[in-house]
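Given next are the chains, with one letter for each unit.
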Amino acid sequence: MILPRPLPEGGISFTWHKSVATFNAPLQTFLSTRPLVRAAATGALVFSRATGEDRVLLIQRAPHDSMPLRWEIPGGACDQEDETLLHSLARELWEEAGLKLKHVVRTVGDEFIFLTRRGLAVTKVTFETEVEAPAPAVVEEGRSELTLPEVTIDPNEHIRFVWATEEECQAEKIVVSEDDGNEVIKLEFTTKNQKSIVLLGFKLRREDPANG
């Protein structure tokens, strides 16, 4: 059995906007108000403007997993051992992308209920997040540049990641520069809802940049 990436020593400390305070609760407390579902999952929208325009982190599922080679945002099931749903969010973000959650900005979209292959009803909550990022790189005296957060995927679950613009997500296609030329990658999302949530995240950041 392959174990997930262990949490960093000392855990992950983060803050959250008051609008998501109700999710700072244990899994059982959360589920007690939702009698039709038996489990919960979280998703993390990670944005960066380091390149000058908004980009979102997308990761590609491993070929041996369900929905092989499709694209999604980091996230996954909440565990009973997680202190709260927000701590579950932090854990999944760390395990799947090697990123430390810094701040939970807001929820994006409504809760999405789906059935697992075993017929278990699961509700998924997606959050816009801020993560710890490298310090700006000094390119010359008096001038520095932002750099994208350093992503380290778990090869057991995902095989690739990209930072995609809104237009690239809408078109489900991105062009990536490689040493031997450009590669066109098809961004086929896991579900229609996943694509809709990503595009809604971009929209919310345009409409409320102060909160995003």
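Note: the structure precedes this text.
Residues numbered from 1 in each chain as written. Predicted model: local features only at pLDDT ≥ 70, side-chain atom pairs only at ≥ 80, totals over all residues. Heavy atoms only, no water.

### Considering the overall build of the protein
What counts, and what does not: Counting from the N terminus, the helices are DSSP H or I runs at least four residues long and the strands are E runs at least two residues long. As a reference, a globule follows 2.2 Å times the number of residues to the power 0.38, and the radius of gyration itself is taken over C-alpha atoms. For the area figures, the Shrake-Rupley method with a 1.4 Å probe applies, and any residue is considered shielded solely by the protein chains shown. Counted as positive: Lys and Arg. Counted as negative: Asp and Glu, with His and the chain ends omitted from the count. Where a charge lies is defined by one atom per residue type, namely NZ (Lys), CZ (Arg), CG (Asp) and CD (Glu).
Scanning the protein for helices and strands turns up 4 helices and 13 strands. Relative to the 2.2 N^0.38 estimate, which gives 17 Å for 212 residues, the radius of gyration of the protein is 17 Å and therefore close to what a compact globule would have. The principal-axis extents of the C-alpha atoms in the protein amount to approximately 55 × 40 × 35 Å. Surface exposure of the protein reaches about 11,800 Å², of which carbon and sulfur atoms provide 52%. Within the protein, one finds 24 positive and 34 negative side-chain charges whose respective centroids are separated by 6 Å.

### With respect to helix H4 (residues 192-207)
We count it as follows: Helix span is expected to be 1.5 Å times the residue number reduced by one. Throughout, exposure labels follow a simple rule: accessible area from a 1.4 Å probe, protein chains only, divided by the maximum for the residue type, with under 20% read as buried, over 50% as exposed, and the rest as partly exposed.
Between its first and last C-alpha, H4 extends 23 Å over 16 residues, near the 22 Å set by a 1.5 Å rise per residue. Of all the positions in H4, only Gln194, Lys195, Ile197, Val198, Leu199, Gly201, Phe202 and Arg205 are classed as buried.

### Considering the pairing of strand S13 (residues 181-186)
Rule in force here: In this analysis, strands are considered paired if DSSP registers two or more bridges between them.
Of the pairings in the sheet, the one linking strand S12 (residues 173-178) to S13 comprises 6 bridges and is antiparallel in character. Each residue of the ladder has a partner; that of Ile174, found in S13, is Ile185. Where S12 folds back onto S13 in an antiparallel hairpin, the turn is made up of 2 residues.

### Concerning the nonpolar core
This is how the line gets drawn: Residues belong to one nonpolar core when they are buried, are Ala, Val, Leu, Ile, Met, Phe, Trp, Tyr or Cys, and are joined through side-chain atoms within 4.5 Å. The contact definition used throughout considers only heavy atoms, calling two residues in contact when any of these lie within 4.5 Å.
The biggest cluster of nonpolar side chains holds 31 residues, and the ones touching the most others in it are Phe23, Val46, Leu57, Leu99, Leu101, Val104 and Phe127. Broken down by secondary-structure element, the contributors of at least two residues to this core are helix H1 (27-32), strand S2 (39-48), strand S3 (55-61), helix H2 (85-97), strand S6 (101-107) and strand S8 (121-131). Looking at this core element by element, the count peaks at 7 residues for H2. Filtering out sequence-adjacent residues up to four positions away, Phe23 remains in contact with Phe30, Arg34, Thr84, Leu85, Leu86, Thr107, Glu111, Val125 and Phe127. The next biggest cluster of nonpolar side chains, apart from the first, holds 19 residues, and it includes Ile73, Cys169, Ile185 and Phe189.

### Comments concerning the packing of aromatic side chains
Applied cut-off: Aromatic contacts are taken between Phe, Tyr and Trp rings whose centres are within 6.5 Å, Trp giving its six-membered ring; a plane angle under 30 degrees counts as stacked, one over 60 as edge-to-face, and the others as tilted.
Taken as a whole and assessed by the stated rule, the structure comprises 5 aromatic pairs. For the pair Phe23 and Phe127, a centre-to-centre distance of 5.3 Å together with 85° between the ring planes defines the contact as edge-to-face. Note that Phe23 is positioned in the loop between strand S1 (15-16) and H1 and Phe127 in strand S8, a separation of 104 residues in sequence. Relative to Phe114, the ring of Phe112 has its centre 6.1 Å away and its plane inclined at 25°; by these criteria the two rings are stacked. Grouped by ring-pair contacts, the aromatic residues Phe23, Phe30 and Phe127 constitute a single cluster.

### With respect to the layout of surface pockets
What counts here: As defined here, a cavity is a set of points on a 1 Å grid over the protein atoms alone where a 1.4 Å probe fits but cannot get out. A pocket is an open set with protein on both sides within 12 Å along at least five of seven lines, and residues line them when an atom is within 4 Å of a point. Grid points are joined across faces, edges and corners, and a volume is the space filled by probe spheres set on the points. Each residue is assigned to one of three groups, with Ala, Val, Leu, Ile, Met, Phe, Trp, Tyr, Cys and Pro labelled nonpolar, Asp, Glu, Lys and Arg labelled charged, and all others, Gly among them, labelled polar.
Each pocket or cavity is described by its volume, and for the largest pocket that value is around 1,300 Å³. In this structure, the largest pocket is lined by 42 residues; those nearest its centre are Arg61, Ser66, Gly76, Ala77 and Phe114. Elements represented by at least two residues in the lining of the largest pocket include exactly S2, strand S5 (75-77), H2, strand S7 (112-115), S8 and H4. Split into classes, the residues belonging to the lining of the largest pocket amount to 16 nonpolar, 13 polar and 13 charged.

### Things to note about the pattern of salt bridges
Selection rule: Any Lys or Arg side-chain nitrogen found within 4 Å of a carboxyl oxygen on Asp or Glu counts as a salt bridge.
This model, assessed by the stated rule, comprises 19 salt bridges. With its nearest N and O atoms 2.8 Å apart, the salt bridge here joins Arg160 to Glu183. Here Arg160 is found in strand S11 (residues 158-164), whereas its partner Glu183 is found in strand S13, with 23 residues between them in sequence. By relative accessible area, Glu183 is classed as partly exposed at 31%.

### Considering the side chain of Glu96
What counts is decided by this rule: Throughout this description, a polar contact denotes any pair of N or O atoms lying within 3.5 Å of each other; where both atoms belong to protein, one of them has to be capable of donating a hydrogen while the other can accept it, and for residues adjacent in sequence the pair is counted only when both atoms sit in side chains.
Topologically, Glu96 is positioned in helix H2. Look at Glu96: it is buried, it has no salt bridge, and the nearest opposite charge is Arg61 at 6.4 Å. A distance of 2.9 Å separates a polar atom in the side chain of Glu96 from the backbone nitrogen of Gly75. Not counting chain neighbours up to four residues away, the residues in contact with Glu96 comprise Arg5, Ile59, Ile73, Pro74, Gly75, Thr152, Ile153, Asp154, Glu157 and His158.

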